2 protein chains.
Amino acid sequence: MNPLIQQFRRYGHLNEAAEKEIEQRIKYFSKRKGEHFLKEGQHVSSYFVLSKGLIRAYFFKNGRELNSWFGEENQIFGSILPVYTERPSFENIQFLEDSEVYAIAVDDLNELYRKYPELNLIGRKIAEEVCIVLEERIISLHTESAIERYQSLIKLQPNLLNRVNLGHIASYLGITQETLSRIRR
Amino acid sequence: MNPLIQQFRRYGHLNEAAEKEIEQRIKYFSKRKGEHFLKEGQHVSSYFVLSKGLIRAYFFKNGRELNSWFGEENQIFGSILPVYTERPSFENIQFLEDSEVYAIAVDDLNELYRKYPELNLIGRKIAEEVCIVLEERIISLHTESAIERYQSLIKLQPNLLNRVNLGHIASYLGITQETLSRIRR
DNA sequence: TGCATTTTTTGATCTATATCAAAATCGTTC
DNA sequence: GAACGATTTTGATATAGATCAAAAAATGCA
C-alpha cells in the first residue's frame, strides 16, 4: 500500500472515496544523497513520507548551518511554516541518503479537506501529534544540559548516530562538535 | 458573546446547532490570584480562555520551578499533554492575577467532534497554530543567547513585564534571575 | 508613617560550553 | 596499501551564564 496512505490511516478512518482521491494526488519521486527537497524561501509545502532514506531540516544563523530536525523512514512530516501557514519556509530540507519519497501538496489536501470534512479529523490528529513532539523538544532545550540532550536524542532516534555525522548531531543539540566529542568520551 | 466561542470563530465557521451545543458545555468560573487551575499528574483537560486575568504554566525540575508559558486575555490555550493525549499533565497551571475563565472539557469537545465533523476543521486549525507558536519557541531556545531570548519575549508578550516579576520571566527564559537583572542593565 | 516582606540588583567566584588550532583517525580511491 | 580528504578527537584558552551571599529598592499592610 502507498506509504503515505498508510501513515494517514494511523490517525483515523478514511472512507474509500477519500482514500482513492488522496492516492491519486500523491506524487512519488526518488532523490540522491545531497539533493534538496526544499530550500529556504520556497513555498513547496507538502506532507511527505520516506519509504527509504533520511533527511535533515536546517537553516542558517550567523552564516552557520543549524539542524532543526532529522526524518527517518515511515514518519509523516513537512515543514511547519509552509504547511500550516501561507508563509514560505525558513528552513532547507536535504536528503542525507538516497531516498524514496511520497508527497502530497497542501493545496491538494486543502481541497480534500473541503470535499471530505471527516478528513479534518486526521489533519487535526496529525497536528496534535506534532505539538507533542515539539513540546518535548522545548522541554529538552529549556531544562537539559548538553549531556542530557544528547541522551534524550539517543533514546528518541537511536539509529541516527549510525547514519549521521557528529557535526550534524551537535548542531541539532545546539552545541559545538568539540563539546559533543568530549561528552561522548 | 461567550469569549471561548469568540475564539473558536477565529479559526473557521461554526454552524448554529454546533455553536449552541458548545456554548451549553462551556463552564465559567472565577479564581483568585495564587489558585491553581490544574496540578501536575491531574487529568483536567480543557481548552480555555481568560476574559480577564493572567496565568502561568510551570513544572518542577531538580526541586525548582520552571515556567513553561504565560497566558493572557483572549488567547485560547490548554495543557498540551492532557488535551491532545490520554496522558496526565506534567505541568501546573496557576493564576497570577484574579481571573475569569471560560473552559470546555476535551471529553465534551470529542463528543462534538463526532457529532459535528466540520468542527474538526477548527480543532485542526487550533492545533496547527499551536505548532507555529511552539516552533518559534524552539528556535528561540535553540539559537538565541539569553539577551536575544529576552528581547524576543518582549516583542511577543510586551505586557508581561509589567504583570509578572523577574523571577518568573527568568525561569521562562531558562536563565537565573541574577543574569536577567544584569541583562536588563 | 513605619515596619516587614518581597523583589531586584550587585559582587565575587565557579562551571559548562565556545573558540581556535592542531593532531589523530577513518574511508575512499587509484 | 599509499595518499587524499573528511571526520573526530585532543589541547589551551576565553566567555556566558550559574551560584551563593548580601545589599538595595520596591511593595504591602497595620
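Residues numbered from 1 in each chain as written. Chains lettered and ligands numbered in written order. Predicted model: local features only at pLDDT ≥ 70, side-chain atom pairs only at ≥ 80, totals over all residues.

Enquirer: Explain the overall build of chain A here, please?
Expert: Each helix and strand counted, chain A has 9 helices and 8 strands in total. A globule of 185 residues ought to have a C-alpha radius of gyration of about 16 Å, and chain A, at 17 Å, matches this closely. Along the first, second and third principal axes, the C-alpha set of chain A runs to 55 × 30 × 30 Å. In chain A, buried positions account for 36% of the 185 residues. In chain A, the share of contacts with a sequence separation of at least 24, taken over all contacts with a separation of at least 6, comes to 70%. (Helix = DSSP H or I, 4+ residues; strand = E, 2+ residues; numbered from the N terminus. Rg over C-alpha atoms; globule rule 2.2 N^0.38 Å. Buried ≥ 20, exposed ≤ 12 C-beta atoms within 10 Å, placed from the backbone. Contact = placed C-beta atoms within 7 Å.)

Enquirer: When you look at the relation of the copies chain B and chain A in this model, what are you seeing that I'm missing?
Expert: One copy of the chain maps onto the other through a rotation about an axis followed by a shift along the same axis. Its rotation angle being 180°, the transformation that places chain B on chain A also includes 0.0 Å of axial translation and leaves an RMSD of 0.0 Å. When the rotation and shift are considered jointly, the pair of chain copies conforms to a two-fold rotation axis. The rotation axis passes nearest to the C-alpha of B:Arg124 in chain B, at a distance of 1.9 Å. When the interface residues of chain B are mapped onto chain A, 100% of them again lie at the interface, so the same face is used by both copies. (Least-squares fit on C-alpha atoms with pLDDT ≥ 70 in both.)

Enquirer: For this particular structure, what's the right way to read the protein's contact with DNA strand C?
Expert: Around DNA strand C, the surrounding shell holds 16 residues, and the nearest of these are A:Ala146, A:Thr179, B:Asn165, B:Leu166 and B:Ser181. Within the residue set of the surface near DNA strand C, elements represented by two or more residues are helix H6 (146-156) and helix H9 (177-184) of chain A together with helix H8 (166-173) and helix H9 (177-184) of chain B. Broken down by element, the surface near DNA strand C gets its largest block of residues, 5 residues, from H9(B). (Near = placed C-beta within 6 Å.)

Enquirer: Can you walk me through the interface of chain B and chain A in this structure?
Expert: The partner chain A presents 25 residues to the 25 residues of chain B that form the contact. At the level of elements, helix H3 (80-84) and helix H5 (119-143) of chain B are the ones that each hand at least two residues to the side of chain B that touches chain A. The element best represented in the side of chain B that touches chain A is H5(B), accounting for 16 residues. Here the residues of the side of chain B that touches chain A sort into 13 nonpolar, 6 polar and 6 charged. (Nonpolar A, V, L, I, M, F, W, Y, C, P; charged D, E, K, R; others polar.)

Enquirer: Would you explain the sheet that holds strand E7 (residues 92-95) of chain B in this entry?
Expert: The strands that make up a sheet pair up through hydrogen bonds in the backbone, lying either parallel or antiparallel. Residue and element names in this part refer to chain B. If you trace the 4 strands from one edge of the open sheet to the other, you get E2-E7-E4-E5, paired in antiparallel fashion. Where the open sheet ends on each side, the last strands, each with one partner, are strand E2 (36-38) and strand E5 (64-71). When the angles between neighbouring strand axes are averaged without regard to direction, this sheet yields 30°. Here 2 bridges tie E2 to E7, and the two strands are oriented antiparallel to one another. Across the sheet, the residue bridging to His36 is Gln94, located in E7. (Pairing = 2+ DSSP bridges. Axes fitted to C-alpha atoms, helices over the stretch in contact; angles between N-to-C directions.)

Enquirer: Hey, could you run me through the pairing of strand E3 (residues 46-52) of chain A in this one?
Expert: Both faces of the sheet carry side chains from a regular strand, because those side chains alternate between them. Residues and elements named next belong to chain A. Of all 7 residues making up E3, 5 are buried, and the element is well covered by its neighbours. In the sheet, E3 pairs with strand E8 (residues 99-105) via 6 bridges, with the strands oriented antiparallel. When the sheet's bridge partners are listed, Lys52 is paired in E8 with Glu100.

Enquirer: So what exactly am I meant to see when it comes to the protein's contact with DNA strand D here?
Expert: If you check the shell around DNA strand D, you find 16 residues, and the closest are A:Asn165, A:Leu166, A:Ser181, B:Ala146 and B:Thr179. At the level of secondary structure, the elements contributing two or more residues to the surface near DNA strand D comprise helix H8 (166-173) and H9 of chain A together with helix H6 (146-156) and H9 of chain B. Take the surface near DNA strand D: its biggest share by element is 5 residues, from H9(A). In terms of residue class, the surface near DNA strand D is built from 4 nonpolar, 7 polar and 5 charged.

Enquirer: Just checking my understanding: could you explain the UniProt feature "domain: Cyclic nucleotide-binding" (unreviewed entry) in chain A for this structure?
Expert: The UniProt entry lists residues 10-112 of chain A under the feature "domain: Cyclic nucleotide-binding" (unreviewed entry), expressed in the numbering used here. Helix and strand shares over residues 10-112 of chain A are 21% and 42% respectively, and the end C-alpha atoms of the span are 18 Å apart. (UniProt positions renumbered as here; feature names shortened; annotations may be inferred.)

Enquirer: How should I be thinking about the packing of H6(B) against H9(B) in this particular structure?
Expert: The angle between the axes and the distance between the axes are what describe a pair of packed helices. Residues and elements named next belong to chain B. Two elements in contact, H6 and H9, have axes separated by 10 Å at closest approach and are oriented at 75°. Considering their axes alone, H6 and H9 lie roughly perpendicular with respect to each other. Residues Ala146, Ile147 and Tyr150 of H6 form the contact with H9, whose participating residues are Thr179, Leu180 and Ile183. (Parallel < 35°, antiparallel > 145°, perpendicular 65-115°, else oblique.)

Enquirer: Honestly, the nonpolar core in this entry has me stumped. Any pointers?
Expert: Considering soluble globular proteins, one finds that nonpolar side chains tend to be buried as a cluster. Counting residues in each nonpolar core, the largest one holds 87 residues, and the members touching the most others are A:Cys131 and B:Cys131. If we ignore the near neighbours within four places in the chain, the residues touching A:Cys131 are B:Ile80, B:Tyr84, B:Ala127, B:Val130, B:Cys131 and B:Leu134. (Core = buried A, V, L, I, M, F, W, Y, C linked by C-beta atoms within 7 Å.)

Enquirer: I'm lost on the sheet that holds E3(A) in this one. Help?
Expert: All names here are of chain A. Taken in spatial order, the 4 strands line up as E1-E8-E3-E6 in an open sheet, and their pairing is antiparallel. Sheet topology places strand E1 (27-31) and strand E6 (76-77) at the edges, where each strand pairs with a single neighbour. Pairing geometry for E3 and E6, over 2 bridges, is antiparallel. Directly across from Val49, in E6, lies its bridge partner Ile76.

Enquirer: What should I look at first to understand the environment of B:Glu91 in this one?
Expert: All names here are of chain B. By the element assignment, Glu91 lies in the loop between H3 and E7. As for Glu91 and Ser79, which are separated by 12 residues in sequence, their C-alpha atoms are 7.6 Å apart. Sequence-distant contacts of Glu91, defined by excluding residues within four places in its chain, comprise Glu40, Ala57, Tyr58, Phe59, Ser68 and Ser79.

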